[in-house]
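# Notes for the structure review
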Amino acid sequence: MRLVLLGAPGSGKGTQADLLKAKYNCVHISTGDILRKNLREKTELGLRAEAFMNKGELVPDDLIIDMVGEKLRNDGAAGGFLMDGFPRTVPQAEAFDKILNEMECPLDAVLLIKVDEEIIVRRLTNRRTCRACGKILNLLSAGAGTGKCPACGGEIYQRDDDCEQVIRNRLDVYREQTEPLVAWYESRGLLRVIEALEHYTPEDTFKGAEAALGL
Ligand code: AMP
């Protein structure tokens, strides 16, 4: 499976990637996770990306494209991958196409997860992340208020960019720079859509995703 997960920040791409990875055993590539790792390790890339990330803006295309190209060449794309948070601009999508053509492994599909913006704001302000394993938790659901990750016991924290002002900015950035990819992939016949309604559990959305992808 060579799949791009597309959707606004907080639409559940990371959660769906975890479910897809567990069932279909493919590599999950989250550009946000790679960047946060670089930030923690204070690499040159991390230091260059930090100011953009803290404001909820996009890191420049050339940095991201080099980073993803290297990752795909190292990990090998042929065995399948789930791209989470990439591409986020049309130039990124064009560069991604070129890399995949060179590697002779074209995309199978792009899954758009549609969620109402106000639901996203509520979800992201309550989102917590495990510093150790990256698991995503929500204060509104049971188990996340203990301060410890239910999966690995690691420390639970709130991402700097999960505060309301930065979230609103990230949503504006999504609308302006990433949403044009919906039409871009639709015109290439790759787009599949799932609408994640407010009362849906991650498993409900997952079932819808599998149906949309014909799995
Ligand atoms: P995410 O975890 O996907 O929400 O990403 C967190 C932040 O990392 C974003 O707000 C951007 O600043 C940066 N980022 C992640 N992926 C990309 C990308 N494909 N292009 C540009 N910036 C990105």
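Now for a description of the structure that goes with this document. (Residues numbered from 1 in each chain as written. Predicted model: local features only at pLDDT ≥ 70, side-chain atom pairs only at ≥ 80, totals over all residues. Heavy atoms only, no water.)

## With respect to the state of the cysteines
Rule in force here: Criterion for a disulfide: a pair of cysteine sulfur atoms at a distance within 2.5 Å. Exposure classes here rest on a 1.4 Å probe applied to the protein chains alone. A residue is buried below 20% of its type maximum, exposed above 50%, and partly exposed in between.
Scanning the model with the defined rule gives 0 disulfides in all. Of all cysteine sulfurs, the one in C105 lies closest to C26, which takes part in no disulfide; the gap is 13 Å. On the accessibility criterion, C26 (7% relative accessible area) is buried.

## Remarks on the packing of helix α6 (residues 117–125) against helix α7 (residues 164–178)
Here is the rule: Axes here mean lines fitted to C-alpha atoms, for a helix over just the part in contact, with angles spanning 0 to 180 degrees between N-to-C directions. The helix and strand labels rest on DSSP assignments: H or I over at least four residues marks a helix, E over at least two residues marks a strand, and numbering proceeds from the N terminus. We call two directions roughly parallel when the angle between them is under 35 degrees, roughly antiparallel when it is over 145, roughly perpendicular when it lies between 65 and 115, and oblique otherwise. Put simply, a crossing is left-handed when the front helix is turned counterclockwise from the back one by less than a right angle, and right-handed when it is turned clockwise. By definition in these notes, contact holds between two residues if any of their heavy atoms fall within 4.5 Å. Residues are grouped as follows: Ala, Val, Leu, Ile, Met, Phe, Trp, Tyr, Cys and Pro are nonpolar; Asp, Glu, Lys and Arg are charged; every other residue, Gly included, is polar.
Contact pair α6 / α7: the axes reach a minimum separation of 10 Å and the direction vectors enclose 140°. The orientation of α6 with respect to α7, classified from their angle, is oblique. Like other packed secondary-structure pairs, α6 and α7 cross with a definite hand, here right-handed. From α6, E117, E118, I120, V121, L124 and T125 reach across to α7, where they touch E164, I167, R168, R170, L171 and R175. Among the residues forming the contact of α6 with α7, the class breakdown is 5 nonpolar, 1 polar and 6 charged.

## Observations concerning the site of the ligand
We apply this condition: For this purpose, a residue is taken to be near a molecule or strand whenever a single non-hydrogen atom of the residue falls within 4 Å of it. Here the open area of atoms and residues is found with the Shrake-Rupley method and a 1.4 Å probe, where only the protein chains shown may cover a residue.
Close to the ligand lie 16 residues; T31, E57, G85, R88 and Q92 are nearest. Contact with the protein chains removes 96% of the 480 Å² of surface that the ligand exposes when unbound. The greatest single-element share of the shell around the ligand, amounting to 4 residues, is contributed by helix α2 (residues 31–40). A per-class count over the shell around the ligand returns 6 nonpolar, 4 polar and 6 charged.

## Considerations on the pairing of strand β5 (residues 127–130)
The following threshold applies: One bridge is not enough; two strands pair if DSSP finds at least two bridges between them.
Because side chains alternate across β5, one face comprises the buried residues R127 and T129, and the other comprises R128 and C130, equally buried. Relative to strand β6 (residues 136–138), β5 runs antiparallel, the two being bridged by 3 bridges. Within β6, the position partnered with R127 by the bridge is N138. Linking β5 back to β6 in an antiparallel pair, the connection comprises 5 residues, with G134 at a positive phi of about 80°.

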